[in-house]
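So the chains spell out like this:
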Amino acid sequence: MPEIVLKNITKKWGGFTAVENLNLTIEDGAFITLLGPSGCGKTTTLRMIAGLETPTTGEILIDGKTVFSSDKGINISAAKRDVGFLFQNYALWPHMTVYQNIAFGLETLKWKKPDIEKRVAQMLETMQIKQFAQRYPAELSGGQQQRVAIARTLAPKPKVLFMDEPLSNLDAKLRGEMRTELKRLHIDTGSTFVYVTHDQLEAMTMATKICLMKDGVLQQYDAPLDVYALPANRFVADFVGNPTMNFISGKIKLTGEKTAELEALGHSFVFHANEEIKMQNGDVTIGVRPESLPISKKGDISGTTYSTLPAGMETTVRIKVADTILSSVMFGSLDYKVDSEIHFSITGDRILLFSQEGNRAASGSVEKKGE
Ligand SMILES: Nc1ncnc2c1ncn2[C@@H]1O[C@H](COP(=O)(O)OP(=O)(O)OP(=O)(O)O)[C@@H](O)[C@H]1O
Ligand SMILES: [Mg+2]
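A quick note: this is a predicted structure, and the numbers were derived from the prediction, not measured.

*Asks:* Provide a residue-level description of the overall build of the protein chain, including the pertinent values.
*Replies:* Assigned secondary structure in the protein chain consists of eight helices and 21 strands. Principal-axis analysis of the C-alpha atoms places the extent of the protein chain at approximately 80 × 50 × 35 Å.

*Asks:* So, unusual backbone geometry: which residues are in play, and what are the values?
*Replies:* In this model, asparagine 242 is joined to proline 243 through a cis peptide bond whose omega is -5°. With a phi angle near 65°, lysine 110 is a residue other than glycine that sits in the positive phi range. Mapped onto the fold, lysine 110 is located in the loop between helix 2 (98-108) and helix 3 (113-126). In this structure lysine 110 comes out as exposed when scored by C-beta crowding, with 7 C-beta atoms within 10 Å. We note that aspartate 215 has phi near 45°; this positive angle belongs to a residue other than glycine. You can call aspartate 215 partly exposed: it has 15 C-beta atoms within 10 Å.

*Asks:* So, the packing of helix 2 against helix 3: which residues are in play, and what are the values?
*Replies:* Working note: a packed helix pair is described by the angle between its axes plus the distance between those axes. With their axes 10 Å apart at the nearest point, helix 2 and helix 3 run at an angle of 135° to one another. Viewed along their axes, helix 2 and helix 3 adopt a mutual orientation that is oblique. Two packed elements cross with a definite hand, and for helix 2 against helix 3 that hand is right-handed. For the pair formed by helix 2 and helix 3, the contact residues are Tyr99, Ile102, Ala103, Leu106 and Glu107 on the first element and Ile116, Arg119, Val120 and Met123 on the second.

*Asks:* Residues and numbers for the nonpolar core, please.
*Replies:* Among the nonpolar cores identified, the biggest contains 92 residues, and Ile32, Ile102, Ala151, Val194, Leu262 and Leu353 are the most heavily contacted of them. Of the domains in this structure, domain 1 (4-238) and domain 2 (243-368) are the two that each give at least three residues to this core.

*Asks:* Provide a residue-level description of the sheet that holds strand 18 (residues 324-331), including the pertinent values.
*Replies:* Within a sheet, adjacent strands bond to each other through the backbone by hydrogen bonds, running parallel or antiparallel. Read from one edge to the other, the open sheet built from four strands follows the order 18-17-16-19, with strand pairing classed as antiparallel. Whereas interior strands pair on both sides, the edge strands pair on one side only; in this sheet they are strand 18 and strand 19 (341-344). Taken over all neighbouring pairs, the strand axes of this sheet differ in orientation by 50° on average, direction set aside. Looking at chain direction, strand 16 (residues 301-310) and strand 17 (residues 314-321) are connected through six bridges and run antiparallel. Each bridged residue has a counterpart across the sheet, and for threonine 305 the counterpart in strand 17 is isoleucine 319.

*Asks:* Any details on the site of ligand 1? Residues and values, ideally.
*Replies:* Around ligand 1, the surrounding shell consists of Trp13, Phe16, Ala18, Gly36, Ser38, Gly39, Cys40, Gly41, Lys42, Thr43, Thr44 and His198. Looking at the shell around ligand 1, the elements that each hand over two or more residues are strand 2 (16-26) and helix 1 (42-50). No other element matches the three residues that helix 1 contributes to the shell around ligand 1. Along the lines of polarity and charge, the residues of the shell around ligand 1 split into four nonpolar, seven polar and one charged.

*Asks:* I'd like a description of helix 2, backed by residues and values.
*Replies:* Residue pairs spaced three or four apart in an α-helix point in one direction, given the helix's 3.6 residues per turn. All buried positions along helix 2 are accounted for by Val98, Tyr99, Asn101, Ile102, Ala103 and Leu106. As for helix 2, its buried residues are in contact with helix 3 and helix 4 (142-154). With its phi angle positive at about 65°, lysine 110 sits one or two positions after the end of helix 2.

Thresholds applied
Residues numbered from 1 in each chain as written. Chains lettered and ligands numbered in written order. Predicted model: local features only at pLDDT ≥ 70, side-chain atom pairs only at ≥ 80, totals over all residues. Helix = DSSP H or I, 4+ residues; strand = E, 2+ residues; numbered from the N terminus. Buried ≥ 20, exposed ≤ 12 C-beta atoms within 10 Å, placed from the backbone. Axes fitted to C-alpha atoms, helices over the stretch in contact; angles between N-to-C directions. Parallel < 35°, antiparallel > 145°, perpendicular 65-115°, else oblique. Left-handed = near helix turned anticlockwise from the far one by under 90°. Contact = placed C-beta atoms within 7 Å. Core = buried A, V, L, I, M, F, W, Y, C linked by C-beta atoms within 7 Å. Domains from an automatic or database assignment. Pairing = 2+ DSSP bridges. Near = placed C-beta within 6 Å. Nonpolar A, V, L, I, M, F, W, Y, C, P; charged D, E, K, R; others polar.

Okay, structure coming up:
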């Protein structure tokens, strides 16, 4: 099973750099998501690994074999890289039925007829498209066509599967179901999945590792929960998580390698870091996830409710403190009157400090100083 290694990969179009000096190791059997805002270089990266786009410089290895090297003049064609594709703009064969669309690739690979029948039946079942087996693509909705495209790509059990936003045409409910199916398929097939999305929730829930990019530059490459808890910088912190992280402006005064005093929201706090604090005295941004701001009568910070958004299972409460609006997420249905006084606290040991440049300087816990 293959490992994919990218070394110093850069892609330029004229003077424009779409991907800059990307270094990445995709472990065998991983489920990687390339995540980032529109235009950050996700599709370009995927296409370069697949062999559909030529990098300007760098080297790509699949399974220990160099498939691209600008120095050595190597560029192995996509067809010879033993990979499967599923792109945003998939095209089904219009003159073939759903069944034939899925079976076709297996026939080309000279699978035996009973094996083909068994595999196609399995894919029709998994993708919930059994009832459409004899229909033609033009007789299906966009979402149904997309499911056929997924079935067709997965049928031959490719070792590496590249997917570029394959769920974008599906409605929210089906997209949720397909996420579960893809995650399951990943485990069942043992293939390496490389998946492009700009949807952070999709990336969080499915991937073994997230590769988060901005303007062609890698920001962080880590397991989803590490990206969530310990984002490398403010951009990452802001991009992952919904509601987004609270960023509170304040001042910092270091009192030791791992301790500092913070002034924020009109209060003084003591910060206990989990590791050495990598910043100087001065301006600081304190990053707090909405679940680390529980509202309770015992809370030691007061504010007023700006709005309450109950969603059934959880409730997002926006709290106004001085001229800052913070988001708090509470489990269950709550409904506070607008502009009423409430109390909350800053809890947990995953409170983050960001330097003026926006890099994470520390994680730790805060404690309000007695008045
Ligand atoms: N053939 C091309 N010629 C010139 N520029 C290109 C070309 N293809 C892509 N680009 C540019 O490279 C950048 C990265 O494009 P890419 O398609 O990789 O973005 P993306 O992250 O997949 O975005 P999206 O989420 O919108 O699909 C964009 O700014 C895009 O305009
Ligand atoms: Mg794209």
